[in-house]
Amino acid sequence: MISAEKIPNNVDLSGNKRLQRALEHWQPKYIQWWRDMGPQGFQDYHKVYVRTAVSVDPEGWAHFEYVKLPEYRWGIFLADPVHDRRIGFGDFFGQPVWQEVPGEFRNQLRRLIVTQGDTEPASVEQQRWLGHRCPSLYDLRNLFQVNVEEGRHLWAMVYLLHSYFGRDGRDEAEELLDRQSGNRDKPRILQAFNEPIDNWLDFFMFTMFTDRDGKSQLMSLSESSLDPLSRTTRFMLTEEAHHMFVGETGIARILERTCQLMRQAGFSEDVRRLGGIDMPTIQKHLNQWFSLSLDLHGGEVSSNAASYFANGLKGRAKEDTFDDHLVRDSYYSMEFFENGGPVRKDVLMRNAMNEVLRDWYVGDCAAGVVRWNRILEQHGISDRLRLPDRKFNRQIGMYAGFHFDPNGVPLSAEEFERRRHEWLPAEADREYLLSIMAAPIYEPGKFANYIAPPRRGINQQPIDFEYVRTEQ
Ligand SMILES: [Fe+2]
Ligand SMILES: [Fe+2]
């Protein structure tokens, strides 16, 4: 059960006074950050119907109630320990997992935790203006649910930093509140988390693709030999699933509406003239967030990834589905780009671990796109969405510095620039999206013209439920 202390937790925080004091010291700074950088205009007079955890078992973590956002029960929740858990991969395979951080891996683990932790508040910052442009109360509630849980994920990482990294950890926890998404002097660590998200098409693509990168990273960290990291990330994954649901169904509902509008107009009219979102605009935003999220998986050939794997710090998604957990002398056949063309070369599998995880990620994304395309098919519309080639628009890894079209065909820099806005959102697209989102919809059961209502409400509530209440 989760205690109802100042900092709700299931880690017996009151049994460790030093840690409790340190976190209680960090807590007001966190709340200040949330007020300054969290959802703007929805802090004091609104109550939101959100899920809060009262325990980590399936019944307990899906408890719903109305809360004011700054009063959300942010806390420290670890999945239950697995009895006699053993290290599942790498050079320490089969040994008992670690309950403390071994000195020799301290820096690597800190870096992994800080990088993960930095993304959580970053996404809250990126999304902080969206409430003023929401397509419905249902969507507004989903936005805030995602936001408070990302805030809680920051708590999860800060707990690890404070517990296992001493002074350095405390400093890192401060800096996590100090960096700011898109800030020129103190940006967030990873580029996708510095990109603005000022419209709901961006938001849904972000939760579909960038939160799904969160899923791949959390899955690989949940395999970690550092047991507290594994247990923390395992619980985070249960929350993450809802974020991807928000993204996938958000785009599905836009597609549904786009199809309806196209049919109404006899398939001839430009959907924009009917206030909908046209297929090319949807595809461009998909291209943008998919390529940014591919970059989050890091370089294709990486000695860091090899070392994380060797030391058991970060594994593969679903490590137990692989036969070989040592991966000492197997190879990954990788496509390099040399002298203007593709060349296949074998790379030691351990050095290709980022690519292995990216493969898993691409497959998971592709399955989502197939589900989206079914909607188009059902409406008898011949357009299809597709994932761009993984070489397209990359800023990290071996394809960075080259240019490719979404089919993976190499282009000159000039040609890419000339055609950029055929494939990636342009200022005019952004202006159009802001124009149809200018008036937020706060009336229960009403939806903006560009998006269909969901099939069902949250927690079996009706669709016209008052998911966000205003209190004067
Ligand atoms: Fe998260
Ligand atoms: Fe998330």
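These lines cover the structure that appears in this document, whether it is placed above or below.

Analysis parameters
Residues numbered from 1 in each chain as written. Chains lettered and ligands numbered in written order. Predicted model: local features only at pLDDT ≥ 70, side-chain atom pairs only at ≥ 80, totals over all residues. Heavy atoms only, no water. Helix = DSSP H or I, 4+ residues; strand = E, 2+ residues; numbered from the N terminus. Expected span 1.5 Å × (residues − 1). Buried < 20%, exposed > 50% of the residue type's maximum accessible area, 1.4 Å probe, protein only. Polar contact = N/O pair within 3.5 Å; in protein donor to acceptor, adjacent residues only side chain to side chain. 1 Å grid on protein atoms, 1.4 Å probe; cavity = no way out; pocket = protein on both sides within 12 Å on 5 of 7 lines; lining within 4 Å. Points joined across faces, edges and corners; volume = space filled by probe spheres on them. Nonpolar A, V, L, I, M, F, W, Y, C, P; charged D, E, K, R; others polar. Donors = N, O, S within 2.8 Å, 3.2 Å for Na, K, Ca; no water. Tetrahedral: all angles 85-135°; square planar, octahedral: opposite > 155°, others 65-115°. Pairing = 2+ DSSP bridges. Axes fitted to C-alpha atoms, helices over the stretch in contact; angles between N-to-C directions. Contact = heavy atoms within 4.5 Å.

Turning our eyes to something else, we now look at helix H3 (residues 137-164). The end-to-end C-alpha distance of H3, which contains 28 residues, comes to 41 Å, matching closely the 40 Å that a straight helix rising 1.5 Å per residue would cover. Burial of H3 is extensive: 27 of the 28 residues sit out of reach of the surface. Near the N-terminus of H3, the side chain that reaches the backbone nitrogen of Tyr138, with its oxygen 3.3 Å away, is that of Ser136. Looking one or two residues beyond H3, the residue adopting positive phi is Gly166, at roughly 50°.

A few words on the layout of surface pockets. A volume near 740 Å³ is recorded for the largest pocket. Considering the residues around the largest pocket, the lining is formed by 35 residues, among which Thr115, Leu190, Gln217, Leu296 and Lys314 are closest to the centre. At eight residues, helix H5 (residues 200-221) tops the list of elements feeding residues into the lining of the largest pocket. Here the lining of the largest pocket is built from residues that sort into 13 nonpolar, 14 polar and eight charged. Space inside the second largest pocket adds up to approximately 640 Å³. If you go around the second largest pocket, you meet 25 residues; those closest to its centre are Phe245, Thr249, Pro454, Arg455 and Arg456. Elements supplying a minimum of two residues to the lining of the second largest pocket: H3, helix H6 (227-264) and helix H9 (353-378). In terms of residue count, the dominant contributor to the lining of the second largest pocket is H6 (seven residues).

Distances from the iron ion (ligand 2) to its protein donors, Glu150 (OE), Asp211 (OD), Glu240 (OE) and His243 (ND1), fall at 1.9 to 2.2 Å. For the iron ion (ligand 2), the four donor atoms in the first shell make angles of 87 to 168° at the metal, a pattern classed as irregular. Read N to C, the donor residues that coordinate the iron ion (ligand 2) are spaced as E-x60-D-x28-E-x2-H. A distance of 3.5 Å spans the gap from the iron ion (ligand 2) to the iron ion (ligand 1), which Glu150 bridges by coordinating each metal. Taken together, the positions of Asp211 in helix H5 and Glu240 in helix H6 put the pair 29 residues apart, joining distant regions of the chain. You can call Glu240 buried: its relative accessible area is 3%.

This part takes up the sheet that holds strand E2 (residues 63-67). Taken together, the three strands give an open sheet; going across it, the order is E2-E1-E7, and neighbouring strands pair in antiparallel fashion. Each edge of the open sheet carries a strand with a single partner, namely E2 and strand E7 (468-470). Adjacent strand axes in the sheet meet at a mean angle of 20° when their direction is disregarded. The pairing of strand E1 (residues 46-52) with E2 spans five bridges and is antiparallel. Considered in E2, the bridge of Thr52 is made with His63. Each of E1, E2 and E7 is contacted by H3, which is oriented at about 60° to E1, the strand it contacts most.

Counted according to the given criterion, the structure contains one cavity of 30 Å³ or more. The computed volume of the largest cavity comes to approximately 70 Å³. Elements with a minimum of two residues in the lining of the largest cavity: helix H8 (303-310) and H9. With three residues, H9 is the single largest residue contributor to the lining of the largest cavity. Tallied by class, residues from the lining of the largest cavity come to four nonpolar, two polar and one charged.

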